[in-house]
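# Remarks on the overall topology
Listed below, chain by chain, are the residues.
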Amino acid sequence: MAPEKKKRRRATTDTSDSDSDNAKTKSKPHKKNLNSDAAILKTLETLLANEQTQASTSNSKPLTLSDLSLSSTCREVADLPLSSVQSNIETLILSLARSILSGRGFSFSVPSRSAANQLYVPQLDRIVLKDKASLRPYAAVSTVRKTTITTRILQLIHQLSLKNIHVTKRDLFYTDVKLFQDQTQSDAVLDDVSCILGCTRSSLNVVAAEKGVVVGRLIFSDNGDMIDCTKMGMGGKAIPPNIDRVGDMQSDALFILLVEKDAAYMRLAEDRFYNRFPCIIVTAKGQPDVATRLFLRKMKMELKLPVLALVDSDPYGLKILSVYGCGSKNMSYDSANLTTPDIKWLGVRPSDLDKYKIPEQCRLPMTEQDIKTGKDLLEEDFVKKNPGWVEELTLMVKTKQKAEIQALSSFGFQYLSEVYLPLKLQQKDWL
């Protein structure tokens, strides 16, 4: 009798193990559809080969504004050496002095960065600044303070160029707190000064504080020190605020994974996703900063790697993606240096909510402002150019539902790295 009991117990255990496996499969939708890592890697190798073939066939000089016959005159800035920045400031100040001595007072001609002065150029796939400018006279009550701030910023930039040193935007603000009152005011005038002088903001030797981070299959030199991003721990390497310090990039990655949020980045870094599928993972922890945008472009151009983006399924996730790809309206004057062409939208997309059976309690209702932002995006030329984006955004506005990347954690904290992303890569499910 005893042996029979043992058999029955074994049979019961086998059944419970089978039930447990079924439960795990149900709790992780689509896991059973995953192919082997080797098969997914072959898909990624094909993606990389296509990217490099495209890069080699378009090896000729990339299109610029001057190559196009546009109906509107547009302006762009350039990277200038410090000596040129210094010379431009001195020439400008001399012209202002002549104007004052002739009895006309003085004013700055400041390029307008308003929405009406922006233009999306399909041939370049980025937003550029049109040539409209406005006068900022000192002898007018409405503009006297802003004109004073502009003059002060020019003076500080001239000092930096003479000393050949870098400062942060915060440092700049604290040189004259009583005049600037708020850092947003000094930051805005700093962008105006870039436009006036015709140079990039990096050329002014003013940088933002470190924000973005990178981890994965990348080695580069930072001011002469070699950095291996596979050995930087879970936190990764802070992206240097001064892109001039970065050089000698080397990588055996198959793609770059651009992540919107720090939480998703931490999950992928801790799981060493970049070792399973060789890649470089980068995030600006929300809104893209200038340093991260410059760094991403440098990686794309030098390493010839495809860029796949992982953002929230909401209008703001798509706006963030568009800033990396097409540029921001606030800094459209420098879009040639700040945009990364051909970024592919990997996820999380509105259609994924049903496809991956995201639970209702993890979906959020869109606010009226969300819906308005979504509808406004549908009117943008850079969205209309991509039918896939239009389809996804229309679905989002219609269902009035949004979800964060973290909604995938309802199937387990590692579902993002173990199932969702591998399956997306396997199915070439990007736009």
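Residues numbered from 1 in each chain as written. Predicted model: local features only at pLDDT ≥ 70, side-chain atom pairs only at ≥ 80, totals over all residues. Heavy atoms only, no water.

If you look the protein chain up in an unreviewed UniProt entry, it shows as DNA topoisomerase 6 subunit A from Rhododendron griersonianum. The protein chain has a UniProt comment under Catalytic activity (unreviewed entry) that states "ATP-dependent breakage, passage and rejoining of double-stranded DNA." (UniProt positions renumbered as here; feature names shortened; annotations may be inferred.)

### Examining the overall build of the protein chain
Helix and strand content of the protein chain: 17 helices and 18 strands. If one aligns the C-alpha atoms of the protein chain with their principal axes, the spans along those axes are about 115 × 50 × 50 Å. For the protein chain, buried positions account for 49% of its 431 residues. The long-range share in the protein chain, meaning contacts at least 24 apart out of those at least 6 apart in sequence, stands at 77%. A total accessible area of about 20,700 Å² is found for the protein chain, and carbon and sulfur atoms account for 52% of it. When the 60 positive and 51 negative side-chain charges of the protein chain are each reduced to one mean point, those points stand 2 Å apart. (Helix = DSSP H or I, 4+ residues; strand = E, 2+ residues; numbered from the N terminus. Buried < 20%, exposed > 50% of the residue type's maximum accessible area, 1.4 Å probe, protein only. Contact = heavy atoms within 4.5 Å. Areas by Shrake-Rupley, 256 points an atom, 1.4 Å probe, with all protein chains shown as cover. Lys, Arg positive; Asp, Glu negative; His and termini not counted. Charge placed at Lys NZ, Arg CZ, Asp CG, Glu CD.)

### Quick look at the UniProt feature "domain: Spo11/DNA topoisomerase VI subunit A N-terminal" (unreviewed entry) in the protein chain
Mapped onto this numbering, the UniProt entry gives "domain: Spo11/DNA topoisomerase VI subunit A N-terminal" (unreviewed entry) at residues 145-206. Secondary structure across residues 145-206 divides into 71% helix and 5% strand, with the first and last C-alpha atoms of the span separated by 22 Å.

### Some points on helix 10 (residues 290-303)
The end-to-end C-alpha separation of helix 10 is 20 Å, in line with the 20 Å expected for 14 residues at 1.5 Å each. Summarising burial for helix 10: 10 of the 14 residues are buried, a large majority. Val290, Ala291, Thr292, Arg293, Leu294, Phe295, Leu296, Met299, Lys300 and Leu303 are the residues of helix 10 that are buried. Lysine 304, located one to two residues past helix 10, shows a positive phi value of around 55°. (Expected span 1.5 Å × (residues − 1).)

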